[in-house]
Amino acid sequence: MNRAPQHNKACPRARHGPGTPAPRGPLRPALFASAALALLLVGCDVLQGGAATPRPLALGDADRGLRLLSQYQCGSCHAIPGVPAAQGGIGPPLGAFGLRSYIAGQLPNVPDTLARWIADPAAVIPGTAMPDMGASEADARDMAAYLLSLR
Ligand code: HEC
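Residues numbered from 1 in each chain as written. Predicted model: local features only at pLDDT ≥ 70, side-chain atom pairs only at ≥ 80, totals over all residues.

A.B. asks: Explanation requested: the site of the ligand in the structure shown.
C.D. replies: In the vicinity of the ligand there are 22 residues, among which Cys 74, Cys 77, Gly 91, Ala 104 and Met 130 approach most closely. Looking at the shell around the ligand residue by residue, the classes come out as 18 nonpolar, four polar and no charged. (Near = placed C-beta within 6 Å. Nonpolar A, V, L, I, M, F, W, Y, C, P; charged D, E, K, R; others polar.)

This is the structure in structure tokens:
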């Protein structure tokens, strides 16, 4: 099968007929390679969730987190300083949580891990008594930021 003419029609610049300047040495492959690399990088970005999931921030918004702790009614089980009516005694009190070394006695108390715990506790400690409160990742991150600000 002869595909060449079709190809030439679609890409007139690819024609190397008489009078058409020859491709300019190694420049073209280099251009092609950088374009391919750019595409690859963009592709990776999308694959890693660049568009779909927000990139993890170092720390969430503690002010927003304070409001969310009320909205999610974490205070029905936890005493949380600064959160009105958060006097629950079912879960451990969360005062001075920013000074704690561990979450639930097992996980290092760092922003990412705390946010993951709040968003889906059983995913990080199977069988835990802390329920999944249905918090989004972003909300969990903001609540984590508030809790870590308690000292
Ligand atoms: C139904 C009760 C209940 C609710 C509601 C609840 N928790 Fe918990 N939480 C618990 C229990 C029980 C534990 C202890 C779990 C364990 O040690 O495995 C816990 C543990 C925790 C811990 C670790 C405490 C420690 O001393 O290490 C944090 C932080 C926490 N919860 C945050 C939250 C946040 C934020 C919310 C709201 C989104 C929330 N909890 C809602 C019951 C609850």
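Text resumes after the structure shown.
A.B. asks: Whenever I open this one, the packing of helix H4 (residues 111-119) against helix H6 (residues 137-149) confuses me. Can you help?
C.D. replies: Axes are the key here: two packed helices are described by the angle between their axes and the distance separating the axes. Contact pair H4 / H6: the axes reach a minimum separation of 8 Å and the direction vectors enclose 120°. Relative to H6, the element H4 is oriented oblique. In this structure, H4 meets H6 at a crossing whose hand is right-handed. Facing Pro 111, Leu 114, Ala 115, Ile 118 and Ala 119 of H4, the residues of H6 in contact are Glu 137, Ala 140, Arg 141, Met 143, Ala 144, Ala 145, Leu 147 and Leu 148. For the contact of H4 with H6, the class distribution of residues is 11 nonpolar, no polar and two charged. (Axes fitted to C-alpha atoms, helices over the stretch in contact; angles between N-to-C directions. Helix = DSSP H or I, 4+ residues; strand = E, 2+ residues; numbered from the N terminus. Parallel < 35°, antiparallel > 145°, perpendicular 65-115°, else oblique. Left-handed = near helix turned anticlockwise from the far one by under 90°. Contact = placed C-beta atoms within 7 Å.)

A.B. asks: What am I meant to see in H6 here?
C.D. replies: A turn of α-helix holds 3.6 residues, and therefore any two residues three or four places apart point the same way. Here H6 spans 18 Å end to end across 13 residues, near enough to the 18 Å set by a 1.5 Å rise per residue. Taken across its 13 residues, H6 has 10 buried, putting it largely inside the fold. Among the residues making up H6, those that are buried are Asp 139, Ala 140, Arg 141, Asp 142, Met 143, Ala 144, Ala 145, Tyr 146, Leu 147 and Leu 148. Of the surrounding secondary structure, the elements contacted by the buried residues of H6 are helix H3 (62-71) and H4. (Expected span 1.5 Å × (residues − 1). Buried ≥ 20, exposed ≤ 12 C-beta atoms within 10 Å, placed from the backbone.)

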